[in-house]
Amino acid sequence: SKLVGRGGAGFPAGLKMRLVAEKESDKKYIVCNADEGEPGTFKDRELLEKNPLKVIESIIIAAYLIGADTGYLYVRGEYDNLKENIMLLIDDCRDKGYLGLGIGDSDFNFDLLYRSGTGAYICGEETALIESIEGRAGDPRMKPPYTAEEGLWGKPTLINNVETLVNLIPIITLGAASYREYGTEESTGTKLFSVSGAVKKRGVYEVPFGITLRELIYDYCDGMKNDGEIKFVQVGGSSGAIIPASNLDIELSYEAFRENHVTLGSGAVIVADESICSLDYLKSTAAFFVHESCGKCTPCREGNRHVVRILDHLSHGIGKEEDIDTLLRTCQVMREASFCGLGQTATTSIVSMLDHFKEEIVTHIDHRCLTGVCDFEEGGGLHD
């Protein structure tokens, strides 16, 4: 089917499952990652709210494929309103023989447990998620070993995003060939996109890979609110790249994004109109990463603090042009030296915004904000 992971990494799902299936072990686990902490992403919430049995079924199928007897559904803590219903459904599946011993009069034994996150963005990273399930702080582990070899309690573990797993059902139902009829050669099937920002119809849209970003915004979301003009779109949440209005005809596929040196990520699409100040926007994303950094490694912990300080000074008109160079060097160090994906991708939006909107950011040095959003009061910002 050529299914790849829908959580952001885009790793081939079949290969990931095979790696776990082929490991010799007395115990194997499966974890369905529904932590979904990326700002602007809410597709998994829709699946868990509107069709939780589909999610449970897909976990059981994946467990059977890899030979796991225990699974965990790890759900974002902010989705606590979904917990009672999902746990009732898990109990009902257990009562009706879809979970437990001898499922379907076979020798397949599997049980599913529910775990809640506590609001830590870092637990979207699979090794930090494992640490959380095991009862420790959600700090990422050193890799290798990878989770397919040593995951939960040192046993082979398959970790997949909710959307990745639910794709198993149409693949099995329709067949791999029929599944490949949707999408493109490399990006098969459909993808859920969480669209927010300045569009008329915000929400989650299931579309085939291969349509353009422009089609998603204007054909599916009915265009811009108040018929405004698009300034930029951030794809992939706060850790995603900034795409200017001039590149709206980019194809929504893994290969097209790779050719443009950006990633689809989790499928978050945040649309900004001309009222948004690019520097003010970067300040909000940078502040998010300062808050969510686990602090384990120096490049991420200190780098994010310095990034916020530089952006804050620029927005208050007390920055200098050489601060831009310092900012870019800091971003490079974070990207190359951070311990995990949080620090490595935290500055993606900054680098890409400077690629397309550097002149607008530089004007703040002369106490000019083209949108009138920034405050140039004497004395600087909050992070002096």
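What you are looking at is a predicted structure, and each value in this text was computed from that prediction instead of being measured.

*Asks:* Account for the sheet that holds strand E8 (residues 241-244), naming residues and giving values.
*Replies:* With mixed pairing, the 5 strands of this open sheet are ordered in space as E6-E5-E9-E7-E8. Looking along the sheet, the strands with just one partner apiece sit at the ends: strand E6 (203-208) and E8. Taken pair by pair, the neighbouring strands of this sheet meet at an average axis angle of 30 degrees, ignoring direction. Pairing analysis gives 6 bridges linking strand E5 (residues 190-197) to E6, with the strands arranged antiparallel. Looking at the pairing, Leu192 lines up with Glu206 of E6. Running at roughly 110 degrees to E5, helix H2 (residues 43-50) makes contact with E5 and E6 of the sheet. This element, helix H15 (residues 348-362), spans strand E7 (230-235) and E8 of the sheet and lies at about 35 degrees to E8.

*Asks:* Quick rundown of the environment of Phe257? Include the residues and the values.
*Replies:* Its location among the elements puts Phe257 in helix H10 (residues 254-259). Here Phe257 falls in the buried class, since its relative accessible area comes to 1%. A sequence separation of 17 residues divides Phe257 from Gly240, and the C-alpha atoms of the two residues are 11 Å apart. Those residues in contact with Phe257, other than ones at most four positions away along the chain, are Val235, Ile243, Ile250, Glu251, Leu252, Val262, Thr263 and Leu264.

*Asks:* Please set out the pattern of salt bridges residue by residue, giving values where relevant.
*Replies:* Applying the stated criterion across every chain yields a total of 26 salt bridges. Between Glu125 and Lys143 there is a salt bridge whose closest N-O contact spans 3.2 Å. A residue pair is termed long-range when its members are at least 10 positions apart, and Glu125 in the loop between strand E3 (111-116) and helix H5 (126-133) and Lys143 in the loop between H5 and strand E4 (157-161) qualify at 18 residues. A relative accessible area of 16% places Glu125 in the buried class. Taking the shortest distance from any N to any O, the salt bridge between Lys200 and Asp227 comes out at 3.1 Å. One end of the pair, Lys200, is in the loop between E5 and E6; the other, Asp227, is in the loop between helix H9 (213-220) and E7, with 27 residues separating them in the sequence. In this structure Lys200 comes out as partly exposed when scored by relative accessible area, which is 41%. Look at Asp227 and you get exposed, because its relative accessible area is 61%. Several salt bridges converge on common partners, so that one network encompasses Arg6, Lys43, Asp44, Glu163 and Lys191.

*Asks:* Break down unusual backbone geometry for me, with residues and values.
*Replies:* The residue after Lys143, namely Pro144, is reached through a cis peptide bond having omega -5 degrees. In this structure, Pro145 follows Pro144 across a cis peptide bond, with omega equal to 5 degrees. Its location among the elements puts Pro145 in the loop between H5 and E4. Although it is not a glycine, Asp222 adopts a positive phi angle of roughly 65 degrees. Mapped onto the secondary structure, Asp222 falls in the loop between H9 and E7.

*Asks:* Give me the lowdown on the packing of helix H11 (residues 278-292) against helix H12 (residues 298-315), citing residues and values where you can.
*Replies:* Two elements in contact, H11 and H12, have axes separated by 9 Å at closest approach and are oriented at 155 degrees. Classified by the angle between their axes, H11 and H12 sit roughly antiparallel to one another. The crossing of H11 and H12 is left-handed. Taking contact as the criterion, the partners of Leu279, Leu282, Lys283, Ala286, Ala287, Phe289 and Val290 in H11 are, on H12, Asn304, Arg305, Val307, Val308, Leu311, Asp312, Leu314 and Ser315. Its residues placed into classes, the contact of H11 with H12 shows 10 nonpolar, 2 polar and 3 charged.

*Asks:* Which residues make up the nonpolar core, and what values go with them?
*Replies:* One finds Val31, Leu311, Ile350, Met353 and Ile361 to be the most contacted residues of the largest nonpolar core, which totals 48 residues. If you list the elements that add at least two residues to this core, you get strand E1 (29-34), strand E2 (70-75), H5, strand E9 (268-273), H11, H12, helix H13 (322-337) and H15. Setting aside residues up to four positions removed in sequence, Met353 forms contacts with Phe232, Ile242, Ser278, Tyr281, Leu282, Lys358 and Ile361. Counting residues in hydrophobic clusters, the runner-up holds 41 residues, among them Val20, Ala68, Leu89 and Ile103.

*Asks:* Residues and numbers for a nonpolar patch on the surface, please.
*Replies:* A grouping of Phe11, Leu15 and Leu19 is seen on the molecular surface, where their side chains present a nonpolar patch of about 250 Å² in accessible area. Positionally, Leu19 belongs in helix H1 (residues 13-21).

*Asks:* I'd like a rundown of the packing of H13 against H15, residues and numbers included.
*Replies:* At their nearest, the axes of H13 and H15 sit 12 Å apart, and the two run at 170 degrees to each other. On the basis of the axis angle, H13 is roughly antiparallel to H15. Across the interface between the two elements, Ile324, Leu327, Leu328, Cys331 and Arg335 from H13 touch Ile350, Val351, Leu354, Lys358, Ile361 and Val362 from H15. Class assignment of the residues belonging to the contact of H13 with H15 gives a composition of 9 nonpolar, no polar and 2 charged.

Rules behind the numbers
- For every chain, the first residue of the written sequence is number 1, and numbering continues from 1 onward in sequence order.
- Totals for whole chains, interfaces and linings use every residue, but because this is a predicted model, local features are given only for residues with pLDDT of at least 70 and side-chain atom pairs only at 80 or more, for both listing and counting.
- To get the side-chain values, take all heavy atoms of the structure and skip hydrogens and water.
- A strand pair is defined by DSSP finding two or more bridges across the two strands.
- For helices the rule is a DSSP run of H or I covering at least 4 residues; for strands it is a run of E covering at least 2, with both sets numbered from the N terminus onward.
- Orientation is described by axes fitted as lines to C-alpha atoms, over the contacting stretch for helices, and by angles from 0 to 180 degrees between their N-to-C directions.
- Any two residues whose heavy atoms approach within 4.5 Å at even a single point are treated as in contact.
- In this scheme, a residue with accessible area under 20% of its type's maximum is buried, one over 50% is exposed, and one in between is partly exposed, where area comes from a 1.4 Å probe on protein chains only.
- A side-chain nitrogen of Lys or Arg and a carboxyl oxygen of Asp or Glu constitute a salt bridge if their distance falls within 4 Å.
- For classification purposes, angles smaller than 35 degrees are called roughly parallel, those larger than 145 roughly antiparallel, those between 65 and 115 roughly perpendicular, and all remaining angles oblique.
- By definition, any crossing whose near helix is turned counterclockwise from its far helix by less than a right angle is left-handed, and any crossing with a clockwise turn is right-handed.
- Here the nonpolar group is Ala, Val, Leu, Ile, Met, Phe, Trp, Tyr, Cys and Pro; Asp, Glu, Lys and Arg are the charged ones; every other residue, Gly included, is treated as polar.
- The term nonpolar core refers to a set of buried residues drawn from Ala, Val, Leu, Ile, Met, Phe, Trp, Tyr and Cys, joined through side-chain atoms within 4.5 Å.
- Like-charged residues are merged into a patch within 9 Å and nonpolar side chains (Val, Leu, Ile, Met, Phe, Trp, Tyr) within 5 Å, provided each residue has over 30% relative accessible area and no salt bridge.
- Accessibility throughout is a Shrake-Rupley quantity obtained with a 1.4 Å probe, and a residue counts as covered only by protein chains that appear here.

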